[in-house]
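Spelled out from the first residue to the last, the chains are:
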Amino acid sequence: MKYRRLLIPGGTYFFTLVTHQRKRIFHIPQHVDLLRESRRQVQTRHPFTIVAAVILPDHLHMIWTLPENDADYSMRWRLIKAGFTIEYQQITGDTQPWQNRYWEHFLHDDQDLERHMEYIHYNPVKHGWVEKPEDWKYSSIHKLMRDGAYPEILDSNEIRGMIAAGDG
């Protein structure tokens, strides 16, 4: 099946990748490290900027901005997933850590970007892993807070209200 994807050079995209059968492979720090190393290797050869990211036990979300003359995020994800799979298989014997596809969304404007960044950072709370976004270890919220991009973190009641209202 041929998927129609919106390919915009220099675009900013939101991605969701899920593990095969929702296996909780990223609850093991070594597996997160393998994913990060695979991403680093690809990013060195095929640059992109990570705007926001969160890695949960059975899925991950990322926002990337591609270089101005490049729209090929599919190749980057293929290489990241393949690199991770080779190393993961050597450790675990599991040959299929990923669902076959992934979901992407082109971010049209600053409001769309902000909404998806909030979604990413509140996702560990939504799934019940932590009480506050900053309590999740594998999240870009820590860097954004250090950089002053998230100067004020909502309390847990505000977060629950956002999630219940469908804003998170």
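Here the residue numbers are simple positions, counted from 1 along each chain's written sequence. Totals for whole chains, interfaces and linings use every residue, but because this is a predicted model, local features are given only for residues with pLDDT of at least 70 and side-chain atom pairs only at 80 or more, for both listing and counting. The side-chain figures draw on all heavy atoms in the structure; neither hydrogens nor water molecules are used.

Caption draft 1: Spotlight on the overall build of the protein chain. Think of it this way: any DSSP run of H or I at least four residues long counts as a helix, any run of E at least two long counts as a strand, and we number them from the N terminus. If you tally the helices and strands in the protein chain, you get five helices and four strands. For the protein chain, the α and β elements follow one another from N to C terminus as β-α-β-β-α-β-α-α-α. The cut-offs for exposure are 20% and 50% of the maximum accessible area for each residue type, with area from a 1.4 Å probe on protein chains only; residues under the lower value are buried, those over the upper are exposed, and the others partly exposed. For the protein chain, the residues scored as buried account for 45% of the 168 residues in total. Contacts were defined at the residue level, with two residues in contact if any of their heavy atoms lie within 4.5 Å. Expressed as a percentage of contacts within the protein chain between residues at least 6 apart in sequence, the contacts between residues at least 24 apart total 70%. For the protein chain, the computed accessible surface area is about 9,500 Å², with 49% contributed by carbon and sulfur atoms. Surface exposure here means Shrake-Rupley accessible area, sampled with a 1.4 Å probe, where a residue is shielded only by the protein chains that are shown.

Caption draft 2: Highlighting the side chain of Lys81. Looking at the secondary structure, you find Lys81 in helix H2 (residues 73-92). In this structure Lys81 is buried but unpaired, with Glu104 as the nearest side chain of opposite charge at 11 Å. Not counting residues up to four positions away in its chain, the partners in contact with Lys81 are Leu17, Trp98, Gln99, Asn100 and Arg101. Neither His nor the chain ends contribute to the count of charged residues, in which Lys and Arg are positive and Asp and Glu negative. Here, a salt bridge means any Lys or Arg side-chain nitrogen found within 4 Å of an Asp or Glu carboxyl oxygen.

Caption draft 3: Fine view of the nonpolar core. What we call a nonpolar core is a set of buried Ala, Val, Leu, Ile, Met, Phe, Trp, Tyr and Cys residues that are connected through their side-chain atoms within 4.5 Å. The biggest cluster of nonpolar side chains holds 39 residues, and the ones touching the most others in it are Phe15, Phe26, Leu35, Leu60, Trp64, Trp77 and Phe84. Elements represented by at least two residues in this core include exactly strand E1 (12-19), helix H1 (29-45), strand E2 (49-55), strand E3 (59-65), H2, strand E4 (98-106), helix H3 (110-126) and helix H4 (141-146). Phe15 has contacts with Leu60, His61, Met62, Trp64, Tyr73, Trp77, Tyr102, Trp103 and Glu104, leaving out every residue within four places of it along the chain.

Caption draft 4: Here's a closer look at unusual backbone geometry. One non-glycine residue, Gln21, lies in positive phi territory at about 55 degrees. Turning to its location among the elements, Gln21 is positioned in the loop between E1 and H1. Despite not being glycine, Arg22 has its phi angle at roughly 55 degrees, a positive value. Tracing the chain through its elements places Arg22 in the loop between E1 and H1.

Caption draft 5: Seen up close, the packing of H1 against H2. The contact between H1 and H2 brings their axes to 9 Å, and the two run at 145 degrees. Judged by the sense of rotation from one axis to the other, the crossing of H1 with H2 is right-handed. Between H1 and H2, the contacting residues are Gln30, His31, Leu34, Leu35, Ser38, Arg39, Val42 and Arg45 on the first element and Arg76, Leu79, Ile80, Gly83, Phe84, Glu87, Tyr88, Ile91 and Thr92 on the second. When its residues are assigned to classes, the contact of H1 with H2 shows eight nonpolar, five polar and four charged. Working convention: axes come from line fits to C-alpha atoms, limited for helices to the stretch in contact. Angles between N-to-C directions cover 0 to 180 degrees. Helix crossings get a hand from a simple test, with the near helix turned counterclockwise from the far one by less than a right angle marking a left-handed crossing and a clockwise turn marking a right-handed one. Side-chain classes follow a simple rule in which Ala, Val, Leu, Ile, Met, Phe, Trp, Tyr, Cys and Pro form the nonpolar group, Asp, Glu, Lys and Arg form the charged group, and the remainder, Gly included, forms the polar group.

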